Amino acid sequence: MNQISQTMSATAPAFPLDQWYVAGFAWELKDQPVARTLLGQPVVLFRTADGRVAALEDRCCHRELPLSCGTVEAAGLRCGYHGLLFSHEGQCLEIPGQERIPAKACVKSFELRERDQILWIWMGATPDSVPDTEPPAYAVHSDPQYRFGGGVYHYDAPYQLIHDNLLDLSHLGYVHLKTIGGNARVHMNADLKVSQDGDSVKVVRWMPDSDPPPTYAQAWPFQGRIDRWQEVEFHPSHVRIWTGAMDAGQDRLDNPAREGFHMRGFHGVTPETETSAHYFWTIATNPHPQMQDTTQLVIDQTAATFEEDKVVIEAQFRNQQRFGSRAVVDIHVDVGPNRARRVIERLRKAGAQASQALA
């Protein structure tokens, strides 16, 4: 962990605020509420009968039972203790056995939007903060050339360690040998380009004329050696990764319309607390028309790689806790992760200034 991540004010917000964060996926909201802690705040997510998604503070204003212990009804969310019914905006609509509803009978609500099957929650720096932009779009989920699946992981580690892992794919040759890895030396010597546009950091790695790793070989009928690419786009709330390969010499690696085997990953990395995180992921692929559909293979093997990453990252954090603050050495693959950390720290400080101005 570098010096940036270790230097935090005791009173300043631990995370960038006035941001959209991933809270979950649309398919998670069925007939039961979903409880999550996001950026240190306990939240309950649910969907109303008319399809509206909602997020409330996970605490009834009466006797403080988590509202996630309640039930979803046509009009809103009913507390499982004494039956108070709350709307998607947090207003109490009904108190069983009592006609008068006190004005204070309400709970905090959060702005929650559903876009491209992703649930985005607005985390403001001040109580009156409102979104100034729409949540990010992710058209891959509706692109007819792709099929996708995904899931959710919980990490007992800070969320920026997950960012580090996603922005540095050189580890594939050591951690993911059975799936998307490949030759470790090829990974470590890949042509690397890092660029930045505002709060976004992009890492591009090319590995021409290399051997296809196991997942690639099973999912696509390559003729032999491949030209392989990895394009990682970091945003403060999520990371997008486009990886893939084509037969060696088939096309230019810098052609945005290149064909071949594609894997497009969405990675919503949302802090739970300062020492834990939620990881919301999907992987989309383009099945070859002359092969049996390998979508589930790609999804399953992607999930296997994330299980391997989880083991490494949580072990890394446990070791950081065991050894305490120690100097670390950066190497050439750390350029992207370090830039992302600087973005996060700058945004965190901006949120701190907004909070202090209000105080």
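The structure we're discussing is the one just above.
Quick summary incoming for the structure in this document. This structure is a prediction, so every number in the text was calculated from the model and none was measured.

A separate point is the packing of helix H2 (residues 159–167) against helix H6 (residues 295–323). For the pair H2 and H6, the least separation of the axes is 10 Å and the interaxial angle reads 130°. Here H6 runs oblique to H2, going by the angle between their axes. In the packing of H2 onto H6, the handedness of the crossing is right-handed. Counted together, Leu 161, Ile 162 and Asn 165 of H2 and Asp 309, Ile 313, Gln 316, Phe 317 and Gln 320 of H6 form the full contact between these two elements. Here the residues of the contact of H2 with H6 sort into 4 nonpolar, 3 polar and 1 charged.

Before going further, it helps to examine the sheet that holds strand S7 (residues 85–86). Where strands meet in a sheet, backbone hydrogen bonds hold them as pairs that are either parallel or antiparallel. A sheet is described by the order of its strands in space; here 4 strands give the open sequence S5-S6-S7-S8, paired in antiparallel fashion. The sheet terminates laterally at strand S5 (71–72) and strand S8 (92–94), the two strands that pair on one side only. By the bridge criterion, 2 bridges tie S7 to S8 in an arrangement that is antiparallel. From the neighbouring strand, Leu 85 faces S8, where its bridge partner is Glu 94.

If you trace the 3 strands from one edge of the open sheet to the other, you get S1-S11-S10, paired in antiparallel fashion. Sheet topology places strand S1 (19–25) and strand S10 (112–115) at the edges, where each strand pairs with a single neighbour. For this sheet the average axis-to-axis angle between neighbouring strands, irrespective of direction, equals 35°. Judged from the 6 bridges that link them, S1 and strand S11 (residues 118–123) form a sheet pairing that is antiparallel. Looking at S11, one finds that Gln 19 is bridged to Met 123.

Each value, and the rule that gives it
Residues numbered from 1 in each chain as written. Predicted model: local features only at pLDDT ≥ 70, side-chain atom pairs only at ≥ 80, totals over all residues. Heavy atoms only, no water. Axes fitted to C-alpha atoms, helices over the stretch in contact; angles between N-to-C directions. Helix = DSSP H or I, 4+ residues; strand = E, 2+ residues; numbered from the N terminus. Parallel < 35°, antiparallel > 145°, perpendicular 65-115°, else oblique. Left-handed = near helix turned anticlockwise from the far one by under 90°. Contact = heavy atoms within 4.5 Å. Nonpolar A, V, L, I, M, F, W, Y, C, P; charged D, E, K, R; others polar. Pairing = 2+ DSSP bridges.

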